Amino acid sequence: MNMSFSEKSAWISLVILVYVWGDFTFGLFALHSSTEAMSVKRDIALGMLGTAVIAVIIAEAVFHTILAMAHPSSQEQQGDERDKQILLIATKPAYAILFTGVMVATGHLLIVEQWNNMIEHSSLQIPFIAIHILLFSALIAEMVRFVIMIKEYRLGV
Amino acid sequence: MALSNKIRECRFFANEMTQQELALAVGVTRQTIMAIEKGKYSPSLEVAFKIAAVFNKNLDEVFWYTPD
């Protein structure tokens, strides 16, 4: 396949995102169904989050270093007008998703502040729910951005 | 896409200039030249002028617009 630096970078980030955060998501659902106390769930969730963040940083650094070595030209790494246009096209819907997530998390925090007993009787047993709403909106936004970028590179702007 | 071009033909008559050579001369990536040739991407006016200049041609000799 004939791919530019930016397209390869989008592929790498998409695969890392799906693999690492996909594993984190499955872990989180398993935690939701488990019978552990909420304090224990919080510790486990923090550990999972830390592991996922470190794994993403290491994987991104390693694969992007290899990619940069394969494309040593700084002009290629910076991209051209087509790369910038594709990035702009992909960023628009990603921003909308992220903004929606921020609004939902704000609404959740408002409910927590105003009607705390509602949360106590909630069937949702996921620790740090507001943080997870924000985290997953960012992850979905990133996923959408990479998918649209790859689609635009493959099918044309 | 309504914008057509004859970059491939121009490259042929410029001693089989490669896409990489044209990309370097214009300041874009080879993949962008490839996308322009295939009609998958409409370049900016600046890049279109630069491409025409590389072949010592006017813009309308390399690119032309066909209404849908």
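Residues numbered from 1 in each chain as written. Chains lettered and ligands numbered in written order. Predicted model: local features only at pLDDT ≥ 70, side-chain atom pairs only at ≥ 80, totals over all residues. Heavy atoms only, no water.

Per an unreviewed UniProt entry, chain B is named Helix-turn-helix transcriptional regulator, and its organism is Alteromonas arenosi.

> Explanation requested: the UniProt feature "domain: HTH cro/C1-type" (unreviewed entry) in chain B in the structure shown.
Per the UniProt annotation, the sites labelled "domain: HTH cro/C1-type" (unreviewed entry) are residues 17-62 of chain B. In residues 17-62 of chain B, the share of helix is 65% and the share of strand is 0%. The end C-alpha atoms are 15 Å apart. (UniProt positions renumbered as here; feature names shortened; annotations may be inferred. Helix = DSSP H or I, 4+ residues; strand = E, 2+ residues; numbered from the N terminus.)

> Looking at this model, I keep getting lost on a nonpolar patch on the surface. Mind explaining?
All names here are of chain A. A contiguous nonpolar surface patch, about 550 Å² in accessible area, is contributed by Tyr95, Leu98, Phe99, Val102, Met103 and Leu134. With five residues, the single largest contributor to the nonpolar patch is helix H4 (residues 81-114). Tracing the backbone shows leucine 134 in helix H6 (residues 129-155). (Patch = residues over 30% accessible without salt bridge, like charges linked within 9 Å, V, L, I, M, F, W, Y side chains within 5 Å. Areas by Shrake-Rupley, 256 points an atom, 1.4 Å probe, with all protein chains shown as cover. Salt bridge = Lys/Arg side-chain N within 4 Å of Asp/Glu carboxyl O.)

> Before we go on, may I ask you to explain the nonpolar core in this structure?
Nonpolar side chains tend toward joint burial in soluble globular proteins. All names here are of chain A. The biggest cluster of nonpolar side chains holds 25 residues, and the ones touching the most others in it are Ile16, Trp21, Phe24, Leu139, Phe146 and Met149. For this core, the elements supplying multiple residues, two or more each, are helix H1 (5-33), helix H2 (38-70), H4 and H6. Among the elements that make up this core, the one with the highest residue count is H1 (ten residues). Every residue in contact with isoleucine 16, bar those within four places of it in the chain, is listed here: Trp21, Val56, Ala59, Glu60 and Phe63. (Core = buried A, V, L, I, M, F, W, Y, C linked by side-chain atoms within 4.5 Å. Buried < 20%, exposed > 50% of the residue type's maximum accessible area, 1.4 Å probe, protein only. Contact = heavy atoms within 4.5 Å.)

> Which parts of the structure should I look at to understand the packing of helix H2 (residues 19-26) of chain B against helix H4 (residues 45-54) of chain B?
Geometry of a packed helix pair, given as the angle between the helix axes and the separation of the axes. All names here are of chain B. Look at H2 against H4: their axes get within 9 Å of each other, and the N-to-C directions meet at 120°. On the basis of their axis angle, the class for H2 and H4 is oblique. Where H2 crosses over H4, the handedness of that crossing is right-handed. Residues Leu22, Ala25 and Val26 of H2 form the contact with H4, whose participating residues are Val47, Lys50, Ile51 and Val54. Counted by class, the contact of H2 with H4 contains six nonpolar, no polar and one charged residues. (Axes fitted to C-alpha atoms, helices over the stretch in contact; angles between N-to-C directions. Parallel < 35°, antiparallel > 145°, perpendicular 65-115°, else oblique. Left-handed = near helix turned anticlockwise from the far one by under 90°. Nonpolar A, V, L, I, M, F, W, Y, C, P; charged D, E, K, R; others polar.)

> Can you walk me through H4(B) in this structure?
Side chains of residues three or four places apart in an α-helix project in the same direction, reflecting 3.6 residues per turn. All names here are of chain B. All of the buried residues along H4 are Val47, Ala48, Ile51 and Ala52. Take H4 and look down its axis: the buried residues cluster within an arc of 135°, on one side only. Among the exposed residues of H4, those oriented more than 90 degrees off its buried face are Leu45 and Glu46. Just downstream of H4 lies asparagine 56, where phi reads positive at about 55°. (Arc of directions from axis to C-beta.)

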